[in-house]
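Architecture at a glance
For reference, the chains in residue letters:
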Amino acid sequence: MNHNPDDLIMLFNDLFREKHRTILVKGSDEPEYLPASDPDGLARVVFAHGFFASALHEIAHWCLAGEYRRTLHDYGYWYCPDGRTPEQQQAFESVEIKPQAVEWLFSLAAGSRFHISVDNLAGDGAADERTFRANVLKQASHYLEHGLPARAQAFFETLRDFYKTSARFAEYWNLDRVRIAPTGVEND
């Protein structure tokens with residue numbers, strides 16, 4: 001299956017440009033969220049290096065951000081860069097559970113491969129990767145059972161329709177959950 005980030009740009013912009021005055025755009029380096037600079041302007045979700053997975057991750061963050069957070073640069077969060085201390089990494093992992101769960105479901109809906117990211121290559125890695133994987137699985141399972149937040153649900157359904165994954169989604173989910181959180185992890 002072809003995973004062209006231009007397709008994500010088209011789908012996102014068609015879905016959210018008018019209603020939420022937000023567009024998805026390719027960036028060159030670090031991803032970021034740029035709120036509209038004037039009342040008639042557009043907010044921009046910028047993803048890194050034109051990577052498909054980066055786009056899905058940034059869309060997940062945008063779908064979870066509340067109305068007030070979407071008025072702030074990078075949703076008002078301070079990003080602690082790669083090379084985090086164990087305490088900083090633990091805090092990072094706790095706030096990344098929901099975005100990574102949404103990104104995972106988006107990836108499956110698009111028929112693409114999801115990778116858990118602890119995003120700490122220059123540091124000591126994950127604070128507790130096993131627990132992090134289990135928590136992402138638990139959150140994704142919750143979303144599948146109870147529904148995603150409204151914007152995330154709309155984009156999820158758009159991806160399933162565009163990539164024609166609806167009929168086999170349950171099969172993809174059952175296979176991928178074992179890969180992401182091997183047996184025993186989900187029961188911790």
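One can find the structure itself at the top, above this paragraph.
Residues numbered from 1 in each chain as written. Predicted model: local features only at pLDDT ≥ 70, side-chain atom pairs only at ≥ 80, totals over all residues. Heavy atoms only, no water.

Thoughts on the side chain of N13
As a reminder, the rule being used: Helix numbers and strand numbers start at the N terminus; a helix is a DSSP run of H or I with at least 4 residues, a strand a run of E with at least 2. The term polar contact refers here to a pair of N or O atoms within 3.5 Å; inside protein, the definition further demands a hydrogen-donor-capable atom paired with an acceptor-capable atom, and it admits residues adjacent in sequence only when both atoms are side-chain atoms. Residue contacts are counted whenever heavy atoms from the two residues lie within 4.5 Å of one another.
In this structure, N13 sits in helix α1 (residues 5-20). A distance of 2.7 Å separates a polar side-chain atom of N13 from the backbone nitrogen of L24. Ignoring anything within four residues of it in the chain, the contact list for N13 reads T22, I23 and L24.

What to know about the pairing of strand β3 (residues 43-47)
To be explicit about the condition: Throughout, exposure labels follow a simple rule: accessible area from a 1.4 Å probe, protein chains only, divided by the maximum for the residue type, with under 20% read as buried, over 50% as exposed, and the rest as partly exposed. At least two DSSP bridges between two strands are needed for those strands to be called paired.
When you tally the buried positions in β3, you get 4 out of 5 residues, the bulk of the element. Pairing analysis gives 5 bridges linking strand β1 (residues 22-26) to β3, with the strands arranged parallel. Paired with L24 across the two strands is V45, which belongs to β3. One ladder, built from 3 bridges, connects strand β2 (residues 32-34) with β3; its direction is antiparallel. When the sheet's bridge partners are listed, E32 is paired in β3 with V46.

Focus: the nonpolar core
We apply this condition: We define the nonpolar core as a collection of buried residues of types Ala, Val, Leu, Ile, Met, Phe, Trp, Tyr and Cys that are connected through side-chain atoms lying within 4.5 Å of one another.
Residues L8, L24, W104, F106, F155 and L159 are the most contacted members of the largest nonpolar core, which totals 45 residues. At the level of secondary structure, the elements contributing two or more residues to this core comprise α1, β3, α2 (52-64), α3 (86-110), α4 (129-146), α5 (150-163) and α6 (169-180). Counting residues per element, this core draws most heavily on α3, at 9 residues. Apart from the residues lying within four places of it in its own chain, the contact partners of L8 are L24, F52, A55, L56, F155, L159 and Y163.

Some points on the sheet that holds β2
To keep things clear, this is the line we draw: Comment: axis = line fitted to C-alpha atoms, over the contacting stretch for helices; angle = value between 0 and 180 degrees taken between N-to-C directions.
One open sheet holds the 3 strands; their spatial order is β1-β3-β2, and the pairing between them is mixed. Of all strands in the sheet, those with a lone pairing partner are β1 and β2, marking the two edges. Taking the axes of each pair of neighbouring strands and ignoring which way they run, one obtains an average angle of 20° across the sheet. Its contacts with the sheet place α1 against β1 and β3, and it is angled at close to 160° to β1.

Points about the packing of aromatic side chains
Definition in use: Pairing of aromatic rings covers Phe, Tyr and the six-membered ring of Trp, with a centre-to-centre limit of 6.5 Å; geometry is then stacked below 30 degrees between planes, edge-to-face above 60, and tilted otherwise.
Evaluation of the coordinates by the stated rule reveals 12 aromatic pairs. Ring geometry for W104 versus W173: centroids 4.8 Å apart, planes at 45°, classification tilted. Of this pair, W104 sits in helix α3 while W173 sits in helix α6; the two residues are 69 residues apart in sequence, bridging distant segments of the chain. With respect to burial, W104 and W173 carry one shared label: buried. With a centroid separation of 5.2 Å and an interplanar angle of 75°, the aromatic rings of F106 and F155 are classed as edge-to-face. Of the two residues, F106 is situated in helix α3 and F155 in helix α5; the sequence distance between them amounts to 49 residues. Taken as a pair, F106 and F155 share a single burial class, namely buried.

Everything listed here is a matter of geometry and, on its own, says nothing about what the molecule does.
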